[in-house]
Amino acid sequence: MVTELANLKSISKSFGGIHALRSVNFDVRPGEVHALLGENGAGKSTLMRVLGGEIIPSQGEVVINGKRTELRDPRDARALGIVVIHQELALAPDLSVAENIFLGELPTLISRFSLRRRAKQLIDRLGFDIDPGRLVGTLSVAHQQVVEIAKALSQDIKIIVFDEPTAVLGAQDAMKLHQIIRGLRDRGVGIVYISHRLDEVFDIADRMTVMKDGETVGTVATTDVKIDDIIRMMVGRPIANMFPERSQRTIGAELLNVKKLNAGRMVRDVSFSVRAGEIVGLGGLIGSGRTEVARAIFGADPLDSGTISLKGKALKLKSPRDAVKAGIGLVPEDRKEHGVVIDKPIRVNATMARMSSVVNALGFLKPALERTDVTALGKSLRLKASSIDAPVSSLSGGNQQKVVLAKWFHAGGDVIILDEPTRGVDVGAKAEIYALINKLAEDGKAVLVISSEHQELFGLCDRVLAMGQGQIRGELTPSNYSEENLLGLSMMGGARASNQGSQV
Amino acid sequence: MTHTTDTVMPQEQKGFVDYHSIVQRFGTLAIFLVLVAVATWWSDSFLTRGNLLNVLRQVASTAGIMAVGMLFVILTRGIDLSVGSVMALGSVLTGYFCAMLGYGTGATIFLVLLCGAACGLVTGGFIAYLRLPSFVMSLAMMAVARGLSLIISEGRPIPLSDAGAAFSSFGSGFVLGIPQPVILMFAIYIAGGVVLNFTRFGRVITAIGSNEEAVRLSGIAVPRYIVAVYVISGLLAGLAGIIAASRTGVGSAQVGIGAELNVIAAVVIGGASLMGGKGGVINTLLGALVMGIITNIMNLAGVPGYHQQVYMGAIIVVAMLLQYSTGSLKR
């Protein structure tokens with residue numbers, strides 16, 4: 001019998017009314033790679049936050065090295081040798097690589113020379129070549145991740161958690177990372193590995209635990225199962241049920257046309273079009289330029305060249321204001337920072353993109369009219385809130401997103417762009433948001449959806465454009481929807497870079 | 001939308017938010033009432049008609065009027081340090097236009113307000129379109145406006161006496177027994193309250209202070225609104241300058257030194273957040289009155305002028321602690 005390094009016993013955690021974890025069991029043994037699998041929002045990251053001391057569970061116990069322990073904050077976890085490397089990296093962008101690595105133990109007098117030498121040794125050991133004097137903010141995301149790992153390794157670690165480490169890594173860097181992980185495993189470190197890439201999980205993991213809707217579906221040894229078994233455990237029910245029927249929409253004339261768009265480094269020669277009633281997906285890895293395309297079309301970032309036309313008329317967009325006037329709406333990726341004014345009431349947020357409808361000629365508000373309009377809108381969007389005067393901050397993620405959608409329903413434009421519309425939204429609200437996106441298209445709008453969840457794109461979209469390095473590399477239609485095809489197109493270099501079929 | 005069974009609102013926070021908003025809404029009022037009680041107990045002459053009107057006129061012709069403009073600026077998460085200097089420029093220009101150029105009262109007032117607004121236009125333009133920090137830009141305008149007022153007045157006070165009595169009534173006159181500047185101040189607060197609560201402009205500037213980027217991405221022309229709040233602030237500072245000139249009978253480059261700090265203090269005692277998005281006119285008026293009453297009490301108690309500044313600083317800190325002791329728990 002192996003003693004576990006860590007044993008999480010019937011952990012529960014709820015935020016407000018939402019149960020993020022329901023009596024979850026999970027353990028880590030020395031010298032193993034334990035993969036944690038599940039859809040986005042299944043509770044994997046929350047569980048790891050419990051292990052990392054960032055969240056105190058509502059119920060259940062944490063046993064470390066056979067002793068019941070209370071992890072009150074990340075420092076408690078660190079002291080026990082537990083390190084969690086998150087998707088969002090926790091580095092100081094204005095400090096050098098070396099300073100970041102030794103941030104927790106910087107001496108009073110900093111000798112740059114010895115600090116950098118020690119940093120260099122650590123990074124070399126990981127098999128990478130990064131100048132320890134560079135500012136972390138200037139590094140690629142992949143290299144920032146390496147710095148984060150080096151930082152973890154600068155201390156004595158017993159358990160290390162990787163939360164989707166390879167999502168931002170190229171194939172070569174991912175292989176290097178796997179070598180690092182195997183090296184750690186052989187030294188007796190317990191590794192938790194969260195990933196959506198099942199092939200690599202089967203390659204590296206010794207055991208797997210599948211989570212779904214905040215519960216554990218089961219824990220299995222890799223040798224006992226096949227990929228299909230794991231998918232069945234992850235999905236539980238057929239994914240198709242979450243998505244609305246595509247057939248009820250009629251696709252009409254071309255509304256949005258983008259030609260040879262160039263904007264900065266991340267948008268290069270992008271051309272495509274979206275028709276009325278059509279939902280087009282923009283897929284590809286994070287950092288492939290999808291968000292930048294959306295921002296350029298919305299006038300939020302300046303264009304270098306190219307034309308954006310709406311209903312055949314070329315637009316000159318100098319600001320989001322011009323775009324909104326022309327009838328384009330954007331549901332941004334970062335809901336809290338860009339989507340809503342979070343401490344203001346639902347009512348104020350919902351009418352913000354077309355305030356002209358709730359003010360008279362002198363600029364005075366018409367509160368009664370606003371109330372009726374927003375109440376009706378809230379009902380049709382099935383918004384759950386105590387009142388339309390409640391601040392958006394009092395809502396769950398899904399309902400906050402509905403407020404952003406309400407804003408664009410109220411604005412009533414022709415084109416709507418949604419960037420990661422279900423990020424941080426629980427499974428139930430997801431299906432509702434899918435239905436709303438579908439409703440936008442049914443209303444005859446041209447809809448562009450950006451998502452990192454491939455199943456979401458496949459379930460929702462009439463076609464999916466694959467982006468890679470700022471270019472559109474190809475197009476998928478429902479008959480050839482598959483994760484491999486999408487990633488293949490997205491990651492393919494010049495070979496199939498021709499912009500096949502993306503212009504109607 | 002209240003029909004749902006699963007309330008989404010996190011329960012543990014709900015009670016707290018209510019408590020917090022009560023403190024935010026009525027905190028300044030409580031401070032104000034306590035001060036009035038203390039002042040009444042302290043001095044028999046405080047609660048007399050003459051003294052109260054005196055306090056009001058003092059407030060109106062110092063921080064009171066400018067605090068409305070400052071509130072608008074602070075709501076957008078900005079700051080306007082130039083108001084004291086623009087007030088001096090307004091005072092000097094009043095003397096310049098009416099005494100030296102011989103313009104009529106109406107023309108003088110119009111031109112001075114225009115110049116005050118122009119100062120705000122320059123400050124706001126640089127902040128909104130060239131993205132300069134408001135602190136730095138308004139600091140620059142503070143120096144420029146003070147310098148201009150010294151240049152125009154050649155460093156000497158400009159007597160208004162030869163321009164006739166019309167001007168002195170503007171600052172010192174009474175309507176129905178109430179000093180004119182006080183009436184003007186109340187009118188400005190009412191107008192400010194209407195704009196802030198019932199118009200698109202008021203809603204947008206408050207939202208800009210909370211989250212400028214989200215407002216921009218809703219298709220609202222944020223820079224125009226930002227310029228507008230500085231124009232209003234400059235215009236009201238110019239007005240304060242006219243009142244100062246009219247009350248003292250001279251246009252002087254020496255008025256309004258340090259006034260910006262009193263104005264900011266009034267707004268902040270009024271519970272507005274320097275991080276933008278929170279604040280209201282009634283509380284700002286109460287904040288200005290609190291400052292005025294503190295000065296009045298110290299005058300009645302015979303505290304020497306130099307000592308008054310020290311006490312004022314200490315009292316501001318206490319008032320702020322009362323406001324923020326609850327607010328800081330939220331974050």
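Residues numbered from 1 in each chain as written. Chains lettered and ligands numbered in written order. Predicted model: local features only at pLDDT ≥ 70, side-chain atom pairs only at ≥ 80, totals over all residues.

Q: Can you walk me through the overall build of chain B in this structure?
A: A tally of helices and strands in chain B yields 12 helices and 4 strands. Counting over 331 residues, chain B shows a buried share of 52%. Of all intrachain contacts in chain B linking residues separated by at least 6 positions in sequence, the fraction that spans at least 24 positions is 80%. (Helix = DSSP H or I, 4+ residues; strand = E, 2+ residues; numbered from the N terminus. Buried ≥ 20, exposed ≤ 12 C-beta atoms within 10 Å, placed from the backbone. Contact = placed C-beta atoms within 7 Å.)

Q: Whenever I open this one, the overall build of chain A confuses me. Can you help?
A: A tally of regular secondary structure across chain A gives 17 helices and 20 strands. In terms of overall dimensions, chain A has a C-alpha envelope of 70 × 50 × 50 Å along the principal axes. Across the 504 residues of chain A, 46% fall into the buried class. Relative to all contacts within chain A whose residues are 6 or more apart in sequence, the contacts with residues 24 or more apart total 68%.

Q: Before we go on, may I ask you to explain the interface of chain A and chain B in this structure?
A: It is common to report an interface's size as the accessible area lost on association of the parts. Across the contact, 40 residues belong to chain A and 26 residues belong to chain B. For the side of chain A that touches chain B, the secondary structure elements donating two or more residues are α10 (320-326), α11 (335-339), α13 (367-380) and α14 (397-411) of chain A. Tallying contributions element by element places α10(A) first for the side of chain A that touches chain B, with 5 residues. Grouping the amino acids of the side of chain A that touches chain B by side-chain chemistry returns 20 nonpolar, 12 polar and 8 charged. (Nonpolar A, V, L, I, M, F, W, Y, C, P; charged D, E, K, R; others polar.)

Q: Explanation requested: the domain arrangement of chain A in the structure shown.
A: Taken domain by domain, chain A holds domain 1 (6-237) and domain 2 (253-492). Its C-alpha centre places domain 1 of chain A at a distance of 32 Å from the equivalent point of domain 2 of chain A. (Domains from an automatic or database assignment.)

Q: Help me out: how do you make sense of the sheet that holds strand β14 (residues 305-310) of chain A in this one?
A: The pairing of strands in a sheet happens through backbone hydrogen bonds and is either parallel or antiparallel. Residues and elements named next belong to chain A. The antiparallel open sheet is built from 4 strands, whose spatial order is β12-β11-β14-β15. Of all the strands in the sheet, just β12 (267-275) and β15 (313-315) have a single pairing partner and so form its edges. Neighbouring strand axes in the sheet, compared pairwise and without regard to direction, differ in orientation by 20° on average. As paired strands, β14 and β15 are joined by 3 bridges and run antiparallel to one another. Bridge pairing in β15 links S309 to A314. Against the sheet, helix α9 (residues 290-297) contacts β11 (254-263), β12 and β14, and its axis sits at roughly 115° relative to β11. (Pairing = 2+ DSSP bridges. Axes fitted to C-alpha atoms, helices over the stretch in contact; angles between N-to-C directions.)

Q: Just checking my understanding: could you explain the confidence of the model for chain A for this structure?
A: Atomic detail in the predicted coordinates should be set aside for any region of low pLDDT. For chain A, mean pLDDT is 86; residues scoring 70 or higher make up 93% of the total. This model gives residues 493-504 of chain A a pLDDT under 50, and the stretch forms 21 contacts once residues within four places in sequence are excluded. (pLDDT = per-residue confidence, 0-100.)

Q: For this particular structure, what's the right way to read helix α4 (residues 105-129) of chain B?
A: Residue pairs three or four apart in sequence face the same way in an α-helix, which turns once every 3.6 residues. Taking 1.5 Å per residue, 25 residues should reach 36 Å; α4(B) reaches 35 Å between its end C-alpha atoms and fits that length. After α4(B) finishes, the residue B:R131 shows a positive phi value of roughly 55°. (Expected span 1.5 Å × (residues − 1).)

Q: Quick question: what am I supposed to make of the nonpolar core here?
A: Generally speaking, soluble globular proteins have nonpolar side chains that are buried together. Among the nonpolar cores identified, the biggest contains 187 residues, and A:V449, B:M66 and B:V290 are the most heavily contacted of them. Once residues within four sequence positions are removed from consideration, B:M66 is found in contact with B:V83, B:M87, B:L236, B:A237, B:A240 and B:V263. Listed in part, the 63 residues of the second largest apolar core include A:L51, A:V147, A:V201 and A:V210. (Core = buried A, V, L, I, M, F, W, Y, C linked by C-beta atoms within 7 Å.)

Q: Explain unusual backbone geometry here, please?
A: A negative phi angle characterises most non-glycine residues, just as the trans form characterises most peptide bonds. Despite not being glycine, A:R382 has its phi angle at roughly 50°, a positive value. Counting through the fold element by element, A:R382 comes out in the loop between α13 and α14. Judged by local crowding, A:R382 falls into the partly exposed class, with 14 C-beta atoms found within 10 Å. Look at B:R131: it is not a glycine, yet its phi comes out positive at around 55°. As for its position among the elements, B:R131 is in the loop between α4 and α5 (134-153). The exposure class assigned to B:R131 is exposed, which follows from the 9 C-beta atoms found within 10 Å.

Q: Can you walk me through the sheet that holds strand β18 (residues 446-450) of chain A in this structure?
A: Residue and element names in this part refer to chain A. One open sheet accounts for 6 strands, arranged β16-β17-β18-β13-β19-β20; its pairing is mixed. In this open sheet, the two strands that pair with only one neighbour each are β16 (328-331) and β20 (471-476). When strand polarity is set aside, the average angle formed by the axes of neighbouring strands in this sheet is 20°. Alignment of strand β19 (residues 463-468) against β20, held across 5 bridges, turns out to be antiparallel. Each bridged residue has a counterpart across the sheet, and for V464 the counterpart in β20 is L476.

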